[in-house]
Amino acid sequence: MRFRKDLRLGGTILGLIALALFIPVSQVFACEYKLEFGDTSTGAGQLSLPRDVAVDPSGNVWVADTGHKRVQKFNSSGEFVSQFGLTSLTGVNGITTDASGNVLVATATKIRKYKSNGELLSEFGSEGTGNGQFKSAQDLAVDASGSIWVVDKGSAGTAVRVQKFNSSGVYQSQFGKEGTGNGEFKLPEAIAVDSEGNLLVADTGNNRYQEFNSAGEFVRKVGSAGTGNGQFESPRGIAVDSEGRVWVADSGNSRIQRFSSKGSYQAQIGIYGPNPGEFIEPRGIAISGSNLWVADTGNNRGQKFNLTPEFLLDFGDEASGPGRLSAPRDVAIDAGGNAWVADTGHKRVQKFNSSGEFVSQFGISAGVT
């Protein structure tokens, strides 16, 4: 997905032989504590199981506060601004923003669109398998024309598809069904849009990603089950860089793979492990300029790479203090190059600067100080 979905890929921060060429261990940076705020209550500004984050064009941070069934808005300093949804947002799965700064929220069976002040603009969808209905909406992306694309992993093999809506939420078209053929899906979890309007879908259960043009027509499938170059085990994150190259969080193989815009395997980073440049089931990924950020979920940290790809730094660890992470699920990058991390296990969002130094946090759970 969400930080803009076209950069994340979501949400859901970034092998011994391959990485020996890339990882200067001396470049691991410690987090420098600067400030913190929030408390242990469940009131405004506090979070429970944040699943996804997005940054609007003004730098405001929007958080899918899944455990509290709401969306919360914070300014670029991490100060609480507003909230909406409360019990109406059951099961928040994804969040993104459009070019106008509107916020779109995906629950399992409904999409809601809000102004930046929290005013509900529109909502669409209901539980079902018909046009414009959902069984388990997972992720959403907005293209340059304002069209909204929603990936639905379905239920019991039904309604597994991608649907397109116009900017007002009116159903336009759909593609996909459950299966293993071209244009078919099994438990898809993420979607991204490139600069030309092409759609990239992480077809998680089929261990591949698929590309479709802006009309929803199948272009190509990439990958198969396995551990070799260009193969996947449960890919759960996808993003596209400015050159059209596709980056995939190959979660089950604990690595990130890069492909050309035509789907040719190019490079990978990571093997299973706790060392710098290694991963344990990474999920959320985001691209900002010439850098790749990874939510290294199983290692309770974030990592940053350039697009060569070479390891640059990591931050966070298993402890619970400021700048520490627990099972981070997603990451987004704002216009200033700051990384916002959905620190899911600690029920908070944390902000790090481009050097990986802790800046601030909000939404602190009980016992996290």
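Each chain carries its own residue numbering, running from 1 in the written order of its sequence. With pLDDT at 70 or above as the cut-off, local features in this predicted model cover only qualifying residues; side-chain atom pairs require 80 or more to be listed or tallied, and sums for whole chains, interfaces and linings still use all residues. The basis for every side-chain value is the complete set of heavy atoms in the structure, and neither hydrogens nor water enter the calculation.

Considerations on the overall build of the protein chain
Part 1: A count of helical and extended segments in the protein chain gives 1 helix and 28 strands.
Part 2: Three exposure classes are used, based on accessible area relative to the maximum for each residue type with a 1.4 Å probe and protein chains only: buried under 20%, partly exposed in between, and exposed over 50%. Counting every position in the protein chain, which comprises 369 residues, the buried fraction comes to 61%.
Part 3: Areas reported as accessible are Shrake-Rupley estimates using a 1.4 Å probe. Residue values count occlusion only from the protein chains shown. Carbon and sulfur atoms form 45% of the exposed surface of the protein chain, whose accessible area is close to 13,100 Å². What counts as a helix is a DSSP run of H or I of at least four residues, what counts as a strand is a run of E of at least two, and both are numbered from the N terminus.

A few points about the pairing of strand β19 (residues 255–259)
Part 1: Of all 5 residues in β19, 5 are buried, a share of seventy percent or more.
Part 2: Neither face of β19 is left uncovered, since the one carrying R255, Q257 and F259 and the one carrying I256 and R258 both have all their residues buried.
Part 3: Relative to β19, strand β18 (residues 246–250) runs antiparallel, the two sharing 5 bridges. Paired with A249 across the strands is I256, a residue of β19.
Part 4: One bridge is not enough; two strands pair if DSSP finds at least two bridges between them. From the end of β18 to the start of β19, which pair antiparallel, there are 4 residues, and S254 there has a positive phi angle of about 50°.
Part 5: Where β19 and strand β20 (residues 265–269) come together, 4 bridges link them in antiparallel fashion. Looking across to β20, one finds that Q257 is bridged to Q268.
Part 6: Counting the residues in the hairpin turn of β19 and β20 gives 5 residues, including G263, whose phi is positive at 90°.

Observations regarding the sheet that holds strand β24 (residues 311–315)
Part 1: In spatial order, the strands read β21-β22-β23-β24; together these 4 strands make up an open sheet with antiparallel pairing. If you trace the sheet from one side to the other, it starts and ends with β21 (285–288) and β24, each paired once. Pairwise comparison of adjacent strand axes, ignoring direction, gives a mean angle of 20° for this sheet.
Part 2: When strand β22 (residues 291–296) meets strand β23 (residues 301–306), the two strands line up antiparallel, connected through 6 bridges. Across the sheet, the residue bridging to N291 is N306, located in β23. Helix axes use the C-alpha atoms of the stretch in contact, all axes being lines fitted to C-alpha atoms, and the angles between their N-to-C directions lie in the range 0 to 180 degrees.

Here we look at the side chain of S136
Part 1: With respect to the element layout, S136 can be found in the loop between β8 (120–124) and β9 (137–142).
Part 2: Ignoring anything within four residues of it in the chain, the contact list for S136 reads A108, V151, D152, K153 and G154. Any two residues whose heavy atoms approach within 4.5 Å at even a single point are treated as in contact.

Observations concerning the confidence of the model for the protein chain
Part 1: Residues with a pLDDT of 70 or more make up 83% of the protein chain, whose mean pLDDT is 81.
Part 2: Predictor confidence is given residue by residue as pLDDT, running from a minimum of 0 to a maximum of 100. Below pLDDT 50 for its whole length, residues 1–41 participates in 162 contacts with residues either more than four positions away or in separate chains.

Observations concerning the environment of F80
Part 1: With respect to the helices, strands and loops of the structure, F80 is situated in strand β4 (residues 80–84).
Part 2: Given the relative accessible area of 34%, F80 is considered partly exposed.
Part 3: Considered as a pair, F80 and A44 are 36 residues apart in the sequence and their alpha carbons are 7.2 Å apart.

Description of the nonpolar core
Part 1: In terms of nonpolar packing, the biggest core is built from 13 residues, with W247, I256, I285, L292, V294 and F305 touching the most fellow members.
Part 2: Among the secondary structure elements, those contributing two or more residues to this core are β18, β21 and β22. Among buried residues, the Ala, Val, Leu, Ile, Met, Phe, Trp, Tyr and Cys ones that are joined through side-chain atoms within 4.5 Å form a nonpolar core.

A closer look at the sheet that holds strand β12 (residues 171–175)
Part 1: Strand order in the open sheet made by the 4 strands is β9-β10-β11-β12, with antiparallel pairing throughout. What marks the edges here is a single partner per strand, and that holds for β9 and β12. Strand-to-strand twist in this sheet, taken as the mean axis angle between neighbours without regard to direction, amounts to 20°.
Part 2: Of the strand pairs in this sheet, strand β10 (residues 148–152) and strand β11 (residues 161–165) are connected by 5 bridges, and their pairing is antiparallel. Considered in β11, the bridge of W149 is made with K164.

Remarks on the pattern of salt bridges
Part 1: When a carboxyl oxygen of Asp or Glu lies within 4 Å of a side-chain nitrogen of Lys or Arg, that pair is called a salt bridge. With the rule as written, the count across this model stands at 12 salt bridges.
Part 2: Across the pair R112 and E123 runs a salt bridge, and its minimum N-O distance is 3.1 Å. Of this pair, R112 sits in strand β7 (residues 111–114) while E123 sits in strand β8, placing them 11 residues apart in sequence.
Part 3: Of the residues examined, E123 reaches a relative accessible area of 41% and is grouped as partly exposed.

Side note on the pairing of strand β2 (residues 61–65)
Part 1: Most of β2 sits inside the fold, with 5 of its 5 residues counted as buried.
Part 2: Side chains V61, V63 and D65 of β2 all project onto a buried face; the interleaved residues W62 and A64 project onto the opposite face, where all are buried too.
Part 3: As paired elements, β2 and strand β3 (residues 70–74) share 5 bridges and run antiparallel to each other. Bridging from a neighbouring strand, V63 pairs with Q72 of β3.

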